[in-house]
2 protein chains.
Amino acid sequence: MEKSALQIARSAYQPKLPKALQGPVACKEGKPTESVGNQSDIKKLFPNTYGMPVIEFEAGEKKDFAPINVGVILSGGQAPGGHNVISGLFDGIKSINPDSKLYGFILGPGGLVDHKYIELTADIIDEYRNTGGFDIIGSGRTKLEEEWQFEKGITILRELGIKALVIIGGDDSNTNACVLAEYYAAKEYGVQVIGCPKTIDGDLKNEQIETSFGFDTACKTYSELIGNIQRDCNSARKYWHFIKLMGRSASHIALECALQCQPNICLVSEEVEEKNMSLDDVVKYIADAVALRAADGNNYGTVLIPEGLIEFIPAIKKLIAELNDVLATPEAKEIARNKQIDYVKSHISEENLKVFNSLPTDVASQLALDRDPHGNVQVSLIETEKLLSHMVADKLEKMKKAGQYDGKFATQHHFFGYEGRCAAPSNYDADYCYSLGFNASRLIANGKTGYMSIIKNTTAPAAEWIAGGVPITMMMNMEKRNGKMKPVIRKALVELDGAPFKYFASKRANWGRYTSYVYPGPIQYFGPTEVCDQSTITLKLEQGK
Amino acid sequence: MEKSALQIARSAYQPKLPKALQGPVACKEGKPTESVGNQSDIKKLFPNTYGMPVIEFEAGEKKDFAPINVGVILSGGQAPGGHNVISGLFDGIKSINPDSKLYGFILGPGGLVDHKYIELTADIIDEYRNTGGFDIIGSGRTKLEEEWQFEKGITILRELGIKALVIIGGDDSNTNACVLAEYYAAKEYGVQVIGCPKTIDGDLKNEQIETSFGFDTACKTYSELIGNIQRDCNSARKYWHFIKLMGRSASHIALECALQCQPNICLVSEEVEEKNMSLDDVVKYIADAVALRAADGNNYGTVLIPEGLIEFIPAIKKLIAELNDVLATPEAKEIARNKQIDYVKSHISEENLKVFNSLPTDVASQLALDRDPHGNVQVSLIETEKLLSHMVADKLEKMKKAGQYDGKFATQHHFFGYEGRCAAPSNYDADYCYSLGFNASRLIANGKTGYMSIIKNTTAPAAEWIAGGVPITMMMNMEKRNGKMKPVIRKALVELDGAPFKYFASKRANWGRYTSYVYPGPIQYFGPTEVCDQSTITLKLEQGK
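Anyway, here's the lowdown on the structure attached to this text. (Residues numbered from 1 in each chain as written. Chains lettered and ligands numbered in written order. Predicted model: local features only at pLDDT ≥ 70, side-chain atom pairs only at ≥ 80, totals over all residues. Heavy atoms only, no water.)

Observations regarding the overall build of chain A
Right, so step 1: Broken down by element type, chain A carries 23 helices and 15 strands.
Right, so step 2: Taking 24 Å as the expected radius of gyration for a compact globule of 545 residues, we find that chain A reaches 25 Å, a close match to that expectation.
Right, so step 3: In chain A, which comprises 545 residues, the proportion classed as buried is 61%.
Right, so step 4: Residue pairs at least 24 apart in sequence account for 78% of intrachain contacts in chain A once pairs closer than 6 positions are excluded.
Right, so step 5: With the model as given, the accessible surface of chain A reaches about 21,000 Å², and the carbon-plus-sulfur share is 49%.
Right, so step 6: Looking at charge distribution, chain A has the averaged site of its 61 positive side-chain charges lying 2 Å from that of its 68 negative ones. (Helix = DSSP H or I, 4+ residues; strand = E, 2+ residues; numbered from the N terminus. Rg over C-alpha atoms; globule rule 2.2 N^0.38 Å. Buried < 20%, exposed > 50% of the residue type's maximum accessible area, 1.4 Å probe, protein only. Contact = heavy atoms within 4.5 Å. Areas by Shrake-Rupley, 256 points an atom, 1.4 Å probe, with all protein chains shown as cover. Lys, Arg positive; Asp, Glu negative; His and termini not counted. Charge placed at Lys NZ, Arg CZ, Asp CG, Glu CD.)

What about the sheet that holds strand E12 (residues 451-456) of chain A?
All names here are of chain A.
Right, so step 1: Overall, mixed pairing links the 9 strands, which are arranged E1-E2-E13-E12-E7-E6-E3-E4-E5 in an open sheet. A single partner strand is all that each edge strand has here, and the edge strands are strand E1 (25-32) and strand E5 (117-119). With strand direction ignored, the average angle separating the axes of adjacent strands in the sheet is 25 degrees.
Right, so step 2: Here 6 bridges tie strand E6 (residues 162-169) to strand E7 (residues 192-197), and the two strands are oriented parallel to one another. Bridge assignment links Ala164 to a residue of E7, and that residue is Gln192. (Pairing = 2+ DSSP bridges. Axes fitted to C-alpha atoms, helices over the stretch in contact; angles between N-to-C directions.)

Considerations on the interface of chain B and chain A
Accessible area lost upon the coming together of the parts is a frequently used measure of interface size.
Right, so step 1: Each side of the interface is counted separately: chain B has 59 residues, and chain A has 59 residues.
Right, so step 2: Viewed at the interface, chain A and chain B are joined by 6 salt bridges.
Right, so step 3: With a closest N to O distance of 2.8 Å, Glu383 of chain B and Lys386 of chain A form a salt bridge.
Right, so step 4: Run the count over chain B and chain A and you get 26 residue pairs in polar contact (both at pLDDT 80 or more).
Right, so step 5: Element by element, the count of residues in the side of chain B that touches chain A is highest for helix H8 (residues 215-236) of chain B, at 10 residues. (Salt bridge = Lys/Arg side-chain N within 4 Å of Asp/Glu carboxyl O. Polar contact = N/O pair within 3.5 Å; in protein donor to acceptor, adjacent residues only side chain to side chain.)

Focus: the relation of the copies chain B and chain A
Right, so step 1: Once turned by 180 degrees and shifted 0.0 Å along the axis, chain B lies on chain A with an RMSD of 0.1 Å. Expressed as a symmetry operation, the mapping of one chain copy onto the other fits a two-fold axis.
Right, so step 2: Both copies share a contact surface, since 100% of the interface residues of chain B are interface residues in chain A too. (Least-squares fit on C-alpha atoms with pLDDT ≥ 70 in both.)

Details of the side chain of Thr217 of chain B
All names here are of chain B.
Right, so step 1: Mapped onto the elements, Thr217 comes out in helix H8.
Right, so step 2: According to the relative accessible area criterion, Thr217 is buried, its value standing at 0%.
Right, so step 3: In terms of polar contacts, Thr217 uses its side chain to reach the side chain of Asp429, at 2.6 Å.
Right, so step 4: Filtering out sequence-adjacent residues up to four positions away, Thr217 remains in contact with Pro80, Ala423, Ala424, Pro425, Ser426, Asp429 and Ile523.

Focus on the packing of helix H8 (residues 215-236) of chain A against helix H9 (residues 252-261) of chain A
All names here are of chain A.
Right, so step 1: In contact at an axis separation of 9 Å, H8 and H9 are set at 50 degrees when each is read in the N-to-C sense. In this view, H8 runs oblique relative to H9, as classed from their interaxial angle. In the packing of H8 onto H9, the handedness of the crossing is right-handed. Two secondary-structure elements touch here, H8 through Phe215, Cys219, Lys220, Tyr222, Ser223, Ile226, Gly227 and Gln230 and H9 through His252, Ile253, Glu256, Cys257, Gln260 and Cys261.
Right, so step 2: Grouping the constituent residues of the contact of H8 with H9 by class yields 7 nonpolar, 5 polar and 2 charged. (Parallel < 35°, antiparallel > 145°, perpendicular 65-115°, else oblique. Left-handed = near helix turned anticlockwise from the far one by under 90°. Nonpolar A, V, L, I, M, F, W, Y, C, P; charged D, E, K, R; others polar.)

Observations concerning unusual backbone geometry
Right, so step 1: The phi torsion at Asn457 of chain A lies on the positive side, around 65 degrees, for a residue other than glycine.
Right, so step 2: With respect to the helices, strands and loops of the structure, Asn457 of chain A is situated in the loop between E12 and strand E13 (466-471).

Comments concerning the pairing of strand E14 (residues 476-481) of chain A
Residue and element names in this part refer to chain A.
Right, so step 1: For E14 and strand E15 (residues 484-489), the ladder comprises 6 bridges, and the chain directions are antiparallel. Within E15, the residue paired with Met476 across the bridge is Ile489.
Right, so step 2: Taking the residues that link successive antiparallel strands as the turn, the E14-E15 hairpin has 2 residues, and the phi of Asn482 there is positive, at about 50 degrees.

What about helix H17 (residues 361-369) of chain A?
Residue and element names in this part refer to chain A.
Right, so step 1: Across the 9 residues that make up H17, a large majority, 7, are buried.
Right, so step 2: Three or more residues of H17 are buried, namely Val363, Ala364, Ser365, Gln366, Leu367, Ala368 and Leu369.
Right, so step 3: Turning to H17, the residues buried within the fold contact helix H13 (314-328), helix H15 (340-347), helix H16 (350-358) and helix H18 (384-401).

Observations concerning the packing of aromatic side chains
Right, so step 1: Counted by the stated rule, this structure contains 28 aromatic pairs over all chains.
Right, so step 2: For the pair Tyr103 of chain A and Tyr117 of chain A, a centre-to-centre distance of 5.9 Å together with 75 degrees between the ring planes defines the contact as edge-to-face. Of the two residues, Tyr103 of chain A is situated in strand E4 (residues 101-105) and Tyr117 of chain A in strand E5; the sequence distance between them amounts to 14 residues.
Right, so step 3: Residue classification places Tyr103 of chain A among the buried residues on the basis of a relative accessible area of 8%.
Right, so step 4: Between Tyr418 of chain A and Tyr239 of chain B, the aromatic rings sit 5.9 Å apart at their centres with planes inclined by 75 degrees, giving edge-to-face as the arrangement. Taken together, the residues span two chains, with Tyr418 of chain A in helix H19 (residues 418-421) and Tyr239 of chain B in the loop between H8 and strand E8 (240-245). Residues Tyr418 of chain A and Tyr239 of chain B agree in their burial class; the two are buried.
Right, so step 5: Through successive ring pairs, a cluster of aromatic residues spans Phe150, Tyr183, Tyr184 and Tyr189 of chain A.
Right, so step 6: Directly above the aromatic system of Tyr13 of chain B lies the positively charged group of Arg10 of chain B, at a separation of 4.2 Å from the ring centroid. (Phe/Tyr/Trp six-rings, centres within 6.5 Å; stacked < 30°, edge-to-face > 60°. Lys NZ or Arg CZ within 6 Å of the ring centre and 35° of its normal.)

With respect to the pattern of salt bridges
Side-chain pairing between opposite charges can occur once the charged atoms of the two side chains come close.
Right, so step 1: Counting across every chain of the model gives 50 salt bridges over all chains.
Right, so step 2: Close ionic contact of Lys16 of chain A with Asp533 of chain A constitutes a salt bridge, the shortest N to O distance being 3.8 Å. Pair noted here: Lys16 of chain A is in the loop between helix H1 (5-11) and E1 and Asp533 of chain A is in the loop between helix H22 (529-532) and helix H23 (537-542), with a separation of 517 residues, a long-range link.
Right, so step 3: Salt bridges sharing common partners tie together Glu383 and Lys386 of chain A together with Glu383 and Lys386 of chain B.

What about the packing of helix H15 (residues 340-347) of chain B against helix H17 (residues 361-369) of chain B?
Residue and element names in this part refer to chain B.
Right, so step 1: The geometry of H15 relative to H17 is characterised by a closest axis approach of 9 Å and an angle of 85 degrees between their N-to-C directions. Judged on the interaxial angle alone, H17 and H15 are roughly perpendicular. For the pair H15 and H17, contact is made by Gln340, Ile341 and Val344 and by Ser365, Ala368 and Leu369, respectively.
Right, so step 2: When its residues are assigned to classes, the contact of H15 with H17 shows 4 nonpolar, 2 polar and no charged.

Following this line, the structure appears as structure tokens:
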């Protein structure tokens, strides 16, 4: 593996640990916990892993431990820092007993089911310290939710003498980690399961989890690019840049990037939904801002758009839901492609037909024609950034005729996602992830299962970070998924009364009209601490800093 | 202006200067020069600025200079480091005499003609040191080529007591700088004109100019992103990423990014032209590489595509040329939009019709319908990355039926341009640009006009860099532009027998088949020198390093 100069220099970085994890730990247990919702349902589903206390580690006495074999799985989309979770876990179990072994299951949860694994030795781990990506063992999207999978899993876990499994994933993967923990506990198989909170989307957070790992690095990478585009925008003064940012369900990424870069416009899906805005309302909102800047002679600007926006517009959400139903019938599947649009139009409600007809033709056809293998509308294929800019251009044309706008409107489009998911972790994510992994080894050594590894107080210097564990059941409630009620970890959307959004809302009129761009620049690993060791602005605001 | 933490920290960076510029200079003059081609034509057009010697500065004796007022213009597309050229120039003229003044013309060459300017004082300069963008005075694309513009210019230059004008631009802007220098010299207006070599495309280089500024930073920024995508690609193992890179005429950016990142495929326009490849040949080349990796079980990879590719495919180049002619006639302009494709088909040669019919429908319509204000085909609107990936998918489908391919082919598309043009300059570009600007002040103090500021030996430590000037006429030849022969600086395309391409060519079979990705990571400003202070690989290979 040929390495870049930065990768070589960066491999020597020793991530910081909370003080409590720097020596032997003692386990301070809190009171029994309840789930965030549907307590009796969750309790019934998780009799062995419900109600456990929140745990905090503090300095303890040195104990002798037998070697412990641990398995690790990367689940779902990549996020910066995954390799550091694994290296922290490796160093953690080796510090417990140097004869401990770490096994990595290949290409995600499927590796456990299919018995594909490698032993992660020191040589391998050292190649991946502080690097981005999940390529050390690969990731995958197989869902662990069926008993036969759990049983296939236990065979290989026993064969390898694995006593604990660490699953690194988002809300769904951690939910499944808990289901697995419960299953193995109920069967008394003697295998513990620990989760780690991963997702660049930032929507896996709550009272106990400050942030999911990777959110920091991904947002900083996107902000670097947005800042660069804003410099260009402010130099050339001739384009409006429409920039879509990854993140289907929550707008945390767009909001954090807005806080870092101060663009002219940032749409927040949760607000669009809350205000019951139509697509036309969104378009008008942008067009008005463009017109206002044009009045000052500024025919340029930047617009941040969360990838999931279109699904949050209530009218379109309803339309998509009905389209999914209408097009799922056996009858619909027999309709010739060139007749599908007519079929759709004659089979949806009057209200949805009106919305359907209001969409630009190509978007309407895409909604009616392109389906994923499950027969669902492929919302992710819609180029929202282009859709909006074209509709804004039309709107401005009308405003011009009505004497409400006088300017030029030329656009550029961007979509950032893959550019940031595998960036090498920032110091924050490198430290946070290493601590999460190291901390998981302490949860394991203390016999815990059904817990998520947590590190708190992360806007303070790393030494002051608080390490511990939270029962996964504590974060659960019941939600409808594919028509069935299921126990799931509640997703954290942007809260409109939360500090980050409120700060943004207090500034945006100013940022919208005047050029207030900030240029964060690329992630720095070696410079002064105010440049290299900062958390996201979202987290600072949430913690009142 | 609110600043990011990095911007604040970075503003304190003191760019390095060549040793010869660190004190008083003496001017060592070489022999009279000739232009690279059409010597007699160029000599006739530039009687006052032809044949001057190449200049090298060396340590000299301290002299007293009167204050000197200088004007500066940013011309054309943004490139990282423009602000450092200006701050170097500012520090340079102030070191000559603290009462010297620097004026910036606003929004490009048009500012000179329209008399829009600001005085660039120390306060302003200090806000922009080591930052990206051209926003200090803005840039523009007005071409300075008419006498009335030169005359308008001299009025304001006289009014402000400006004795020298520095034009920061690409090949065209430097050609025009020389025309202006010649004009003012012929008229004995007493205003010197000095050029600075700018363009991220890297195609302004020759025996005298090692590299144009901004190329280093832009390529490093794109390589960061390509590396991140490759990590993702190698972790998820399910997509082929088609990545288009800015650069219409030369493929230097794509080639440099390939040298930095080792993707599976990198297309080089100059090679496509040289080998007389058809679009189908290019598609087949990619499809074969995809099939080869699929045979090893690797259904993922990366393809780098230079923005200008399509125009280098000889058959398409011919087609575009004929389309431009055919559609430029008054008759053609009267044809209704829905009849234009038929019109085109019945008016182009049989050979071009064959090529036209071989194109995907949407690309064919785009070529036939969408025109720029000058009536030309808008090649830059063609999404070459999507065009190629769709055609590769079709080709693979056929190969699958013929038993020549067995795999999955899913794609993602990216286009990087605006993301890198205004990045804050790397240490290399920060030093190089500052030196270019500072050096320009020495050319001015030595009474030179029609020169370009040059800094050489830049793969060595900055102290060993060589500073001087090259007569712009020396780089010129006559070329046809818009039907007329004009004196122009010869563009530097990728040389297929040059060291960078030859190195790439020797490696690409291996990179194509096996996963050999390198992950350069983001530009670092504060770390170890092997990370922070490197030139491009292109330049190192060109200099045999």
